[in-house]
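# Chain and residue survey
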Amino acid sequence: MSRDRTRPIIMPNAVPAAVPADVEPGDAVHPGKPVTVDRYSGAARINHWITAVSLVLLALSGMALFTPKLFFLTGLFGGGQWTRAIHPWIGVVLFFSFMGLFFRFWRANLPAREDGVWVARISDVLGGHEERLPEVGKYNAGQKAVFWSMSALILLLITSGIVMWDQYFYSFTTIEQKRVAILAHSIAAVVAICVWIVHVYAAIWVRGTLSAMTRGHVTGGWAWRHHRKWLRELVQKPGRRTPAE
Ligand code: HEM
């Protein structure tokens, strides 16, 4: 049985219409020379960059606490005591900030039929042969993998972090639970840093992507080349927003 992946949204001056799940409110094509396509609202971008900064600070403070070889990194946070005190709080900021991203983007990251083919043709992805790939929606399977793995990892990091946060939760957990939490926390942190590196590399490698998160829009050519199904949906969607709306 196929799942209904559409959701109705009501737009100003338009009859209620079924819009594909990867077309988010605010996504819009602006005809002109060049054509531009709105991809992220200002609020989504602020939300994203708070998440990005907190993950970098968490990684630096976490590595400083992880091994004496990197203890010198505590200098960035005002010394060892400060690093230890601040690290969990940055984790709390990351968790809530990522939750904001999660609730904004989860629908557009639901699996789609073309994802399997995209993964099967990963050598064409890496070789830059996009003409051999299926047309993809707002996000390709690689971006979806980053999204869902980050969601799982951040959940694991916050739960294991709370078990280890002795300042407030010492009496709620046993020593054995803390040991397991330390192991899970360290592994999740290493994997999250690797996923983050892949995410940033992809954002830089696919030219024209960064402007989506800095200026909020991409060129029509970028959308046509990398997310053609999404572009088609935007152009064809019933009652679609015009730039004036
Ligand atoms: C400094 C590092 C970062 C850079 C340069 C960066 C860059 C970008 C860019 C350019 C996009 C837009 C991609 C597109 O629309 O095709 C994006 C999307 C996104 N980023 Fe980042 N990012 C960074 C850090 C992070 C971190 C740390 C997280 C989460 C922990 C994150 C989560 C996301 C999510 C969820 C999206 C939406 C894509 C999706 O839902 O699949 N980013 N990022």
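Residues numbered from 1 in each chain as written. Predicted model: local features only at pLDDT ≥ 70, side-chain atom pairs only at ≥ 80, totals over all residues.

A tally of regular secondary structure across the chain gives 10 helices and 5 strands. Sorting the 245 residues of the chain into buried and exposed places 24% on the buried side. Long-range contacts, defined as pairs at least 24 residues apart, comprise 63% of the intrachain contacts of the chain with a sequence gap of at least 6. (Helix = DSSP H or I, 4+ residues; strand = E, 2+ residues; numbered from the N terminus. Buried ≥ 20, exposed ≤ 12 C-beta atoms within 10 Å, placed from the backbone. Contact = placed C-beta atoms within 7 Å.)

Around the ligand, 23 residues are found, and the nearest of them are Ala52, Leu55, Phe147, Ala203 and Met213. Every element with two or more residues in the shell around the ligand is listed here: α1 (42–66), α2 (80–105), α5 (141–164), α7 (175–205) and α8 (210–214). Of all the elements, α5 adds the most residues to the shell around the ligand, at 5 residues. Of the residues that constitute the shell around the ligand, the class distribution is 15 nonpolar, 6 polar and 2 charged. (Near = placed C-beta within 6 Å. Nonpolar A, V, L, I, M, F, W, Y, C, P; charged D, E, K, R; others polar.)

Ranked by internal contacts, the top residues of the largest apolar core, which has 13 residues, are Leu94, Leu153, Ile154, Leu157, Ala188 and Ala192. Those elements that provide at least two residues to this core are α1, α2, α5 and α7. Tallying contributions element by element places α5 first for this core, with 5 residues. In terms of nonpolar packing, the next biggest core, distinct from the first, is built from 12 residues, Val23, Val29, Ala212 and Trp222 among them. (Core = buried A, V, L, I, M, F, W, Y, C linked by C-beta atoms within 7 Å.)

The subject of this paragraph is the packing of α1 against α2. Between α1 and α2, whose axes approach to 8 Å, the crossing angle comes to 150°. Regarding the angle of α1 to α2, the classification is roughly antiparallel. The element α1 and its partner α2 pack so that their crossing is left-handed. Taken together, the residues that form the contact of α1 with α2 break down as 13 nonpolar, 11 polar and 2 charged. (Axes fitted to C-alpha atoms, helices over the stretch in contact; angles between N-to-C directions. Parallel < 35°, antiparallel > 145°, perpendicular 65-115°, else oblique. Left-handed = near helix turned anticlockwise from the far one by under 90°.)

Helices that pack against each other are described as a pair by the angle of their axes relative to one another and the distance between those axes. Put simply, α2 and α5 touch, their axes get as near as 10 Å, and they point 145° apart. The two elements α2 and α5 cross, and the hand of that crossing is left-handed. Note on element contacts: α5 touches α2 through Phe147, Ser151, Ile154, Leu157, Ile158 and Gly161, opposite Pro88, Gly91, Leu94, Phe95, Phe98, Phe102 and Phe105. Tallied by class, the residues present in the contact of α2 with α5 amount to 10 nonpolar, 3 polar and no charged.

Pairing within the open sheet is antiparallel, and its 3 strands lie in the order β3-β4-β5. Bordering the open sheet on either side are β3 (28–30) and β5 (217–219), each of which pairs with just one other strand. Looking at each pair of strands side by side, their axes are set apart by 25° on average, direction ignored. (Pairing = 2+ DSSP bridges.)

What follows concerns the confidence of the model for the chain. Considering every residue of the chain, the mean pLDDT works out to 91; 89% of them sit at 70 or more. Low confidence marks residues 1–16, where pLDDT is under 50. Its contacts with residues over four positions away, or in another chain, come to 20 contacts. (pLDDT = per-residue confidence, 0-100.)

The residue Gly32 is located in the loop between β3 and β4 (36–38) in this model. Classification of Gly32 by C-beta neighbours within 10 Å gives exposed; the count is 9. In this structure, the C-alpha to C-alpha distance between Gly32 and Gly220, residues 188 residues apart in sequence, is 9.6 Å.

Most peptide bonds take the trans configuration, and most residues that are not glycine carry a negative phi. Following Lys33, the chain continues to Pro34 via a peptide bond in cis, the omega torsion being 0°. Assignment of secondary structure puts Pro34 in the loop between β3 and β4.

The next subject is α2. Along its 26 residues, α2 runs 37 Å from first to last C-alpha, staying within 8% of the 38 Å computed at 1.5 Å per residue. The sharpest bend along α2 measures roughly 25° and falls at Ile86, with the proline Pro88 sitting one to four residues further on. Among the residues of α2, Thr83, His87, Ile90, Gly91, Leu94, Ser97, Phe98 and Phe105 are the ones counted as buried. Those residues of α2 hidden inside the fold are in contact with α1 and α5. (Expected span 1.5 Å × (residues − 1). Bend = angle between axes of the 7 residues up to and from the residue.)

The subject of this paragraph is α5. Here α5 contains 24 residues, and its C-alpha end-to-end distance of 34 Å stays within 8% of the 34 Å for a straight helix at 1.5 Å per residue. Next to the buried residues of α5 lie α2, α3 (113–120) and α7.

Turning our attention to the environment of Val93. Mapping Val93 onto the fold places it in helix α2. The spacing of Val93 and Thr51 is 42 residues in sequence and 7.9 Å in space, taken between C-alpha atoms.

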